[in-house]
Every structure is written in structure tokens, then in C-alpha cells.
Amino acid sequence: MALDQDVFDLLLDTVARFVAERLRPLEDEVAETDQVPAGIMDEMRNLGLFGLSIPQDYGGLGLNMAEEVQVAFRLGGTSPAFRSLIGTNNGIGSQGIVIDGTEEQRRSWLPRLASGEIIGSFCLTEPEAGSDAGSLRTIARREGDDYLIRGTKRFITNAPEAGLFTVFARSDLDSRDARGVSAFLVEATAPGITLGANDRKMGQKGTHTCDVNFDDVRVPAANIIGGAARLGQGFKTAMKVLDRGRLHISAVCVGVAERLIADSLRYAMERRQFGQPIAEFQLVQAMLADMKTEAYAARCMVEETARRKDRGAEVSTEAACCKMFASEMVGRVADRAVQIHGGAGYVADFGIERFYRDVRLFRIYEGTTQIQQLVIARNMIRNAR
Ligand code: COS
């Protein structure tokens, strides 16, 4: 259900102000300490940011996709670490339950995810299974009314903060591909779960990822997302969650690009060389124009795909188009932002080099550019048959 227009406009204004006044001043601190201040988390909870995409019946704001991307554009206006904190609860950490969960699972988990009381985390990737997600090796062995989960998950976003994991594991032990995988809801306190050390990443300081090890973790069969009816259907749940997640990430890419364009334009108009602002030089103007055009194209793609999704259309192909174009676009925009800033873009003081490192992840997670290409082309061929 979409929000009342006035309420939604107020939300957008509030988020934009929160980003400008509360989050931007903290960007350096978060990068240096690798930590988002606890007070900011509380403010995010109070603003309802953990439950943007969770239906109102379960305590969230119930934004539709077109609305959600508008919020994501604005959250992109600051370091991605802030968005990442609320990212899993709105995306991969909750949507499995929203899309395919039973009513009981929804009632039991969504209100706490929506309020930010607990953080949800998505355990798909493994040491040997990344792009080929269907080849995962984590197993869920049936024992009475329970399953015992054993395996290792890798690069798991928000795992150190998580209260709930969505774990993809092979419940059909004889299967080798995407069939035979089920999605389990596993509480982070379950005996047998251990976390690896936090990964030392290129960027996105303040967002934490690590290995999650499952050593015969006992999970009731009732915790399969969607119940017994969805045994062996977990991979499809993962794909549906990722279709949605890819669109959200695309919107974040647009938001970051727009931030970098604003910073670059301001710098180009202030910085003087050869007796005039560098913005007066056509070679700098070309970079600004290219940045603007590409970001605008990505914004249009994201808005159109979100509207189509809200109308009930199947947007797997378009979401992959958006993810590929927007993540590659923001990489080029960040590169030009460094170039326009020159030496100031390369040193840490202006934060531009930090964004340059931060945005590199967008081309990798929730499916690499190459996986998006594969999804797009496969769907084209399938539809043409
Ligand atoms: N929505 C619903 N169902 C989907 C789907 C989608 N978007 N995409 C695939 N499926 C279904 C297929 O229809 C198929 O069902 P059937 O067995 O009934 O035919 C099943 O899922 C398996 O699909 P497919 O055969 O296409 O799976 P593959 O193993 O060939 O892999 C890719 C597909 C490569 C697209 C998938 O592994 C992928 O997205 N990999 C990247 C994973 C990723 O993004 N990781 C990032 C880390 S998670 S943050």
C-alpha cells in the first residue's frame, strides 16, 4: 500500500534533512572509527528507516517500490555505511519473509525488523559459492522435527550486528544445483553459530561483514521460509529477494552519483586556475555533463522499473539492467569526481577518494555486473523462444 502523498513528502523531506544535517557531518568519523554511532542508530529507528519496505500490517512504513527508491536516492547522499545499516532489514534480511514467509513467520519477525530492534542478515554466499549461488555446500540435515545446519557463509553484511539470519542450505543432500536448497530463519543466538573476524575491506567503513559458521545448528522445520510447502524452493526465494534488492542498490548508486556531481560542480565553480574557475573550461564541462547525463539516465531507469514492479510486472531483466548500468555509472562518476578535484580528489580531506573506494562494491555485491549481463541475456533468449 502506498503512503498518503503528504505523509510521503514529509518523509522525503525528513530523510533529506537527516542526511544533510546529521549524517554528512559524521562521514569522516564513521570512516575513521569503522563504527556508526549508537545514537544515530536510535535516530534511524525513530524515523522508521528500518521498516521502509515492510508492510504496515507488520509495523513498517509499507512503501511501494517507487516510493522506496525515492528514499534510497536521498540516503545515497551520504556515506553508504549509513544506508547499509538499514539496508538488510529493508532488503535481503527481511524480504524473504515478506515475499514467501508464512503468516506466523511474518507476525513473529517483521515487527522487530521494522522497528530496528533486531538486524536481519542474508547468508547466501560461501567460500566456494558466490556468483554460482546454486552450488552452495551448506547442508541442512533432517533430524526429527528439526534440521541441523552445517557450513560456512562468507562476506555476510551486518552479520556482527545480526539477530536473525536467513540461511540458504541444501535440504536435499543429493542435489547439486539450485533445486534442493531451502531458506531457513535462524536466530543469531542459536548454539553452534560462530562469527569470523570482521573483513578488512577496501571501503564502506562502518559496514561490517564477516564469515558466519554453522556447526550443526539446530533449527525447527517450522523455520523454513514459507513452511514445508517451500522445502527445496529457497533458491527462488533468494532470486526474488535479489530482484528487489538490485533495484534498491541501483537507487543508492544514483543517490551517491548525484552527491558526487553536486560536490564536483561546487568545487569546479570555486577552484580557480589560469585566472578563472575551472568550471569555465570546456574539458571540465564535458566531465560534468557526462556525469549528469549518466546519472539522469540511471535515475529514469530506476524510477520506471520501480513503477513497473508496483504495477505487478515481472522486472527481473529490468532490475538487472538497472543494477548493471547504475553501479557502473557511479564508478565512472566517482572517477571523474576525483579527476575534477585533482590533487584534492586524491587526498582524504575532501572525502572524494573515500567515495571512490566505497562505490567499488556496488559492481560486485547483490550480483556482479557479469551476473547481471548473464541474467539479462538469458531472459532475452528465453523470451524470444
Ligand atoms: N525469480 C524467481 N525465480 C527465479 C529467478 C527469479 N528472478 N531466477 C531464477 N529463478 C528460478 C528459475 O526459474 C529456476 O527454477 P526451476 O528450477 O523451477 O526451473 C531456478 O530458480 C534456478 O534458476 P537457474 O537455473 O537460472 O539458476 P542458475 O543456477 O543457473 O543461476 C544465477 C542463476 C546465475 C542468475 C544466480 O545464481 C545468481 O543470481 N547468482 C548471483 C548471486 C548473487 O547475486 N550473489 C550476491 C550475493 S547475495 S548479497
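Note that the structure is predicted; figures quoted are calculated from it, not measured. (Residues numbered from 1 in each chain as written. Predicted model: local features only at pLDDT ≥ 70, side-chain atom pairs only at ≥ 80, totals over all residues. Heavy atoms only, no water.)

Strand residues, when the strand is regular, have side chains that alternate between the two faces of the sheet. Neither face of strand β1 (residues 120-123) is exposed, since Gly120 and Phe122 on one face and Ser121 and Cys123 on the opposite face are all buried. The pairing of β1 with strand β4 (residues 164-170) spans 4 bridges and is parallel. In the strand pairing of β4, Cys123 is matched with Val167. (Buried < 20%, exposed > 50% of the residue type's maximum accessible area, 1.4 Å probe, protein only. Helix = DSSP H or I, 4+ residues; strand = E, 2+ residues; numbered from the N terminus. Pairing = 2+ DSSP bridges.)

Moving on: the site of the ligand. Around the ligand there are 21 residues in total, and Ser131, Arg179, Lys236, Asp243 and Arg378 lie nearest to it. For the ligand, the protein covers 71% of the area, taking 1,000 Å² as the surface of the free molecule. Looking at the shell around the ligand element by element, the count peaks at 7 residues for helix α8 (residues 234-270). In terms of residue class, the shell around the ligand is built from 9 nonpolar, 5 polar and 7 charged. Inspection of the shell around the ligand shows a minimum of three residues originating in each of domain 2 (120-233) and domain 3 (236-384). (Near = heavy atom within 4 Å. Areas by Shrake-Rupley, 256 points an atom, 1.4 Å probe, with all protein chains shown as cover. Nonpolar A, V, L, I, M, F, W, Y, C, P; charged D, E, K, R; others polar. Domains from an automatic or database assignment.)

Segmentation of the protein chain into domains returns domain 1 (5-115), domain 2 (120-233) and domain 3 (236-384). Taken over C-alpha atoms, the centre of domain 2 sits 30 Å from the centre of domain 3. With both sides pooled, the region where domain 2 packs onto domain 3 buries about 1,000 Å², and carbon together with sulfur makes up 60% of that total. If you sort the residues of domain 2 by the area they bury against domain 3, Met202, Gln204 and Gln233 come out on top, with a joint share of 46%. Linking domain 2 to domain 3 there are 0 salt bridges. Linking domain 2 with domain 3 are 5 residue pairs in polar contact (both at pLDDT 80 or more). (Buried area = accessible area lost by both parts, 1.4 Å probe. Salt bridge = Lys/Arg side-chain N within 4 Å of Asp/Glu carboxyl O. Polar contact = N/O pair within 3.5 Å; in protein donor to acceptor, adjacent residues only side chain to side chain.)

Now for the nonpolar core. If you look at the biggest cluster of nonpolar residues, it comprises 41 residues, and the most contacted ones within it are Val256, Leu260, Val302, Met329, Val330, Ile340 and Phe362. Counting only elements with at least two residues in this core, the list comes to α4 (65-75), α8, α9 (282-310), α10 (316-341) and α12 (352-358). At 12 residues, α8 tops the list of elements feeding residues into this core. Counting the residues that make up this core, at least three belong to each of domain 1 (5-115) and domain 3 (236-384). Once residues within four sequence positions are removed from consideration, Val330 is found in contact with Cys253, Val256, Ala257, Val359 and Phe362. (Core = buried A, V, L, I, M, F, W, Y, C linked by side-chain atoms within 4.5 Å. Contact = heavy atoms within 4.5 Å.)

Along the chain, Cys210 turns up in strand β7 (residues 209-220). Residues Cys210 and Glu104, spaced 106 residues apart in sequence, show a C-alpha to C-alpha distance of 30 Å. With residues near it in sequence (within four places) discarded, Cys210 still touches Lys153, Arg154, Phe155, Ile156, Ala159, Pro160, Leu195, Gly196, Ala197, Asn198 and Asp199.

The set of residues buried in helix α3 (residues 38-47) consists of Ile40, Met41 and Met44. In an axial view of α3, the angular spread of the buried residues amounts to 105°, which keeps them on one side of the axis. In α3, the exposed positions that point more than 90 degrees away from the buried face belong to Ala38 and Asn46. At its buried positions, α3 is contacted by α1 (5-23) and α5 (80-90). (Arc of directions from axis to C-beta.)

What follows deals with the pairing of strand β2 (residues 139-143). Where β2 lies against strand β3 (residues 146-157), 5 bridges are found, and the strand directions are antiparallel. Within the sheet, the bridge partner assigned to Ile139 lies in β3 and is Arg150. Where β2 folds back on β3, the antiparallel hairpin that results is connected by 2 residues, among which Gly144 adopts a positive phi of roughly 65°.

Scanning the entire structure with this criterion turns up 0 disulfides. With no disulfide of its own, Cys210 has Cys123 as its nearest cysteine by sulfur position, at a separation of 8.8 Å. Not part of a disulfide, Cys321 finds its nearest cysteine sulfur in Cys322, a span of 6.8 Å. (Disulfide = S-S within 2.5 Å.)

Two elements in contact, α4 and α8, have axes separated by 7 Å at closest approach and are oriented at 35°. The chirality of how α4 crosses α8 is right-handed. The segment α4 lies against α8, with Met65, Glu68, Val69, Ala72 and Phe73 engaging Arg244, Leu247, His248, Ala251, Val252, Val254 and Gly255. (Axes fitted to C-alpha atoms, helices over the stretch in contact; angles between N-to-C directions. Left-handed = near helix turned anticlockwise from the far one by under 90°.)

Across all of its chains, the model carries 6 aromatic pairs by this definition. Between Phe122 and Phe168 the ring centres are 4.9 Å apart and the planes differ by 65°, which places this aromatic pair in the edge-to-face class. With Phe122 in strand β1 and Phe168 in strand β4, this pair connects stretches of sequence that are 46 residues apart. The lysine or arginine in question, Arg112, covers the ring of Trp109, its NZ or CZ lying 4.6 Å from the ring centre. The residue whose ring lies beneath Arg299 is Phe73, and the NZ or CZ to ring-centre distance is 4.2 Å. (Phe/Tyr/Trp six-rings, centres within 6.5 Å; stacked < 30°, edge-to-face > 60°. Lys NZ or Arg CZ within 6 Å of the ring centre and 35° of its normal.)

Running from N to C, α4 and α9 point in directions that differ by 150°, and their axes come no closer than 7 Å. Judged by the inter-axis angle, α4 sits roughly antiparallel to α9. From α4, Met65, Ala66, Val69, Gln70 and Phe73 reach across to α9, where they touch Arg299, Val302, Glu303, Ala306, Arg307, Lys309 and Asp310. Considered class by class, the residues forming the contact of α4 with α9 number 6 nonpolar, 1 polar and 5 charged. (Parallel < 35°, antiparallel > 145°, perpendicular 65-115°, else oblique.)

On the surface, Asp4, Asp6, Asp9 and Asp13 cluster together to form a negatively charged patch. Tracing the backbone shows Asp4 in the segment before α1. (Patch = residues over 30% accessible without salt bridge, like charges linked within 9 Å, V, L, I, M, F, W, Y side chains within 5 Å. Lys, Arg positive; Asp, Glu negative; His and termini not counted. Charge placed at Lys NZ, Arg CZ, Asp CG, Glu CD.)

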